[in-house]
Amino acid sequence: MNAKELIARRIAREIAPGALVNLGIGLPSLVARYVPAERGVFFQAENGVIGLGGLPPEGLENPSLTDAGAGFVALVPGAASIDSAMSFALIRGGHVDATVLGGLQVDEAGHLANWMVPGKMVPGMGGAMDLATGAARVIVGMQHSAKGESKIVRRCTLPLTTLRRVDLVVTELAVIEPTDAGLVLRERAPGVSVEAVLAETEAALVVPDEVPEMVLA
Amino acid sequence: MNAKELIARRIAREIAPGALVNLGIGLPSLVARYVPAERGVFFQAENGVIGLGGLPPEGLENPSLTDAGAGFVALVPGAASIDSAMSFALIRGGHVDATVLGGLQVDEAGHLANWMVPGKMVPGMGGAMDLATGAARVIVGMQHSAKGESKIVRRCTLPLTTLRRVDLVVTELAVIEPTDAGLVLRERAPGVSVEAVLAETEAALVVPDEVPEMVLA
Amino acid sequence: MKGALKPEAAAERIPDGSSLLIGGFMGVGTPERMIDALVARQARELTVIANDTANPGRGIGKLITAGAVRRVVTSHIGLNPETQAKMLAGEIAVELVPQGTLIERIRSGGAGLGGVLTPTGLGTEVEEGKRVIEVEGKRFLLELPITADFALIGAHQADYIGNLTYSLTAHNFNPIIALAGRVVIAEAEHYLPVGAIPPDAVKTPGVLVDHLLMRG
Amino acid sequence: MKGALKPEAAAERIPDGSSLLIGGFMGVGTPERMIDALVARQARELTVIANDTANPGRGIGKLITAGAVRRVVTSHIGLNPETQAKMLAGEIAVELVPQGTLIERIRSGGAGLGGVLTPTGLGTEVEEGKRVIEVEGKRFLLELPITADFALIGAHQADYIGNLTYSLTAHNFNPIIALAGRVVIAEAEHYLPVGAIPPDAVKTPGVLVDHLLMRG
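Residues numbered from 1 in each chain as written. Chains lettered and ligands numbered in written order. Predicted model: local features only at pLDDT ≥ 70, side-chain atom pairs only at ≥ 80, totals over all residues. Heavy atoms only, no water.

J.: Please clarify how the overall build of chain A should be interpreted in this entry.
T.: If you tally the helices and strands in chain A, you get four helices and 15 strands. Projected onto its principal axes, the C-alpha positions of chain A cover 50 × 40 × 30 Å. Taken across its 217 residues, chain A has 58% of its residues classed as buried. Considering only contacts within chain A whose residues lie at least 6 apart along the sequence, 61% involve residues at least 24 apart. Of the roughly 8600 Å² that chain A leaves accessible, carbon and sulfur atoms contribute 52%. The positive charge centre, built from 17 side chains, and the negative charge centre, built from 24, are 2 Å apart in chain A. (Helix = DSSP H or I, 4+ residues; strand = E, 2+ residues; numbered from the N terminus. Buried < 20%, exposed > 50% of the residue type's maximum accessible area, 1.4 Å probe, protein only. Contact = heavy atoms within 4.5 Å. Areas by Shrake-Rupley, 256 points an atom, 1.4 Å probe, with all protein chains shown as cover. Lys, Arg positive; Asp, Glu negative; His and termini not counted. Charge placed at Lys NZ, Arg CZ, Asp CG, Glu CD.)

J.: Teacher, can you tell me more about the pairing of strand β6 (residues 115–118) of chain C here?
T.: Note on strand geometry: in a regular strand, side chains alternate between the two faces of the sheet. With burial as the criterion, each face of β6(C) is covered, one bearing C:G115 and C:L117 and the other bearing C:V116 and C:T118. In this structure, β6(C) lies alongside strand β6 (residues 115–118) of chain D, joined through three bridges in antiparallel fashion. Note that in β6(D) the partner of C:V116 across the bridge is D:V116. Bridge analysis of β6(C) against strand β8 (residues 138–143) of chain C gives three bridges, and the strand direction is antiparallel. By the bridge assignment, C:T118 is partnered in β8(C) with C:L141. (Pairing = 2+ DSSP bridges.)

J.: Got a minute to help me understand the nonpolar core in this structure?
T.: Soluble globular proteins tend to bury their nonpolar side chains together. Among the nonpolar cores identified, the biggest contains 192 residues, and C:I106 and D:I106 are the most heavily contacted of them. Setting aside residues up to four positions removed in sequence, D:I106 forms contacts with D:L21, D:I49, D:I146, D:F173, D:I176, D:I177 and D:A180. (Core = buried A, V, L, I, M, F, W, Y, C linked by side-chain atoms within 4.5 Å.)

J.: Mind showing me how you'd approach the interface of chain B and chain D here?
T.: Accessible area lost upon the coming together of the parts serves often as the stated size of an interface. Contacts between chain B and chain D engage 18 residues on the former and 18 residues on the latter. At the boundary of chain B with chain D, the tally comes to zero salt bridges. If you look at where chain B meets chain D, you find six residue pairs in polar contact (both at pLDDT 80 or more). Grouping the constituent residues of the side of chain B that touches chain D by class yields 13 nonpolar, four polar and one charged. (Salt bridge = Lys/Arg side-chain N within 4 Å of Asp/Glu carboxyl O. Polar contact = N/O pair within 3.5 Å; in protein donor to acceptor, adjacent residues only side chain to side chain. Nonpolar A, V, L, I, M, F, W, Y, C, P; charged D, E, K, R; others polar.)

J.: What exactly am I supposed to notice about the interface of chain D and chain A here?
T.: On the chain A side, the residues contacting the 36 residues of chain D number 35 residues. Of the roughly 2800 Å² buried where chain D meets chain A, counting both sides, 64% is carbon and sulfur surface. Remark: the boundary between chain D and chain A carries one salt bridge. For A:R92, the salt bridge is made with D:E104, and the minimal N-O distance between the two is 3.7 Å. At the boundary of chain D with chain A, the tally comes to eleven residue pairs in polar contact (both at pLDDT 80 or more). (Buried area = accessible area lost by both parts, 1.4 Å probe.)

If you want it as structure tokens, here you go:
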């Protein structure tokens, strides 16, 4: 199992039955694979659909039915199409129960930076700022480090996505919860020690007496 | 021909082909009778319909299809139903080409009072303030006087409906246009002299050299 | 969608003193069976936020007659003499709001906005106590968001997971209040299996609806 | 509705230097024949307000490639390397706006509002140069309305008087920009007689549409 699969399978366990969930493109989109259909979760894409349902049969794609990454999709029965104003009313209004977003950095205040690297990558924030600000629960799924540097930092050096504290961070090493008392190490990946997590983390982590291993979906 | 019919028939001539028009309840609603179907006018009701089309056949009324006064209506082909947010986006956003509203007073600044009489009548403004503020053209249709007192006054004593200057006032005696220079007497009713209009009007009127008789639809 | 409720059970879940967003325009699009159940359980001290109070014997008018309402936030009470009489008698507090402003305030509340700027009401009694904000030389009133404990919706069709459609002029406030009630209860004329309402026909996605009212 | 136009005739009516609201999300729901006609007439100095700039060879991406665009107001350019290259070369000015804020600003412009208060972007680079307004202890950004000279709409069905429907995820910005363009031009996949679209299925009333693009 690679890092991305582990992260996606851990996050899948956070998704409550019947929830309305928005998955970012890239790693977060993998989460859908591990949420069982019986759970009755509705996946939203910000371009205007509630009830994404995997890939269409080859040759039966509809050019007017894509996800936020412009890939062809199918729908579950009971799906609804909406316009962008309604889509973001749902997002900003807290009607989206959870969003899973990728991250470039998360810091000790629980602040997320995930939309640009000045001078290098200026893709635009798309729906990320609205999702990170408005969704009832914001879960960040990202690799713990990039190019040898921890992405869990003391203070974000990249431009912030929102001032709102994210609710949970899941990496291939750990589950971390930003709280009033700082970043709490809630779980470690199977076979990874607390010490190993601390060694890979720039930010200070609060370590409870018990740090159980992750259970995966 | 009574006063109301005369007013309605004069206002009908103001309604341009293909226009989107909102008629207030009461006197203004009579205007629709005198706008020929060939003119392709769309009548809007603020409760959420574009394309009102007269009365339904007796016994075939639909309880989910009424005008803003809660009366059963029919639709023209090409009608559209909309919700209240869209209805008032059209109204406030200037997409309604003309609204015809009743009035209690219009003053020399072109200000309209038509929604309450303190201590007596407090029905609520309904959609009147939005219509009077946002419609591209505001036409007031009302009797010239009530209980012996002119309704075209120096300065409104009743609470205003909007600060926006109305575009035209039509009574059974005259057509009056509020302008930067004050209330201009544009037309007089058939058989009514300029002097008769002035005698019935509290406000000062600007009287051009020519004040033609109204032409009615 | 959390489940279908009998009207009596739904009325039991709405405590006295609750704030209710109620759909309808002069009763058209108002969930009548939900209203009847609130009257039957003798609800009291309700705050009702709605376009109007209909007329006696219909929709919100029944709540007014029954003495269930302490406060209304509305654009129009002119066709319900009982609302006016109770207002004058001090039994009901009435906040009058221009219709376009009322629906935008509700939309703001449901859409996570902090308010909207509108020209409507500027220089009138509606301006009293409100902030005036100037934008590029034009003045606007800052109108604040409205939310409520419950939104009570009258729909045309509902599928089993709460996707809703509305018919003709029975849309009115319904699709917007579905965003702004902390608990959303919908009563439909027709119930349908999941998948029977095409995605493009859905006007209120089922994810917004907490309960459907069982058919009578 | 004022009439149906050939794409070339429509493109002729859009002068160089115009501002255009264009529907679509990564090209889905973008009026492609309208875009092709603008490219064919070598339009220049356009301001494009849209969710994204698609990718080269598709939708708004074709306008970027053709050098027709001087400025874009958008939420995302990440999938169009040409937009990024032209931005870095100073050929295109890019204003990045959060997607939910962008659609609300357009809705404000079309709905006669003076702006909206949103929490999105607070404390980020998006806040720069904007007014922060506090409401009941919470801080919001004041985001101002957007309108444009033209709105170019991609629809699913249109009847002869311009009533429009949209299909699935091709709704996106289209129903909202129809409110905010001073001239609204719609291109539909299918044209239908008046009366063939039921009132409850209409998503953009024909009264908002100035021209339909003739079928090819």
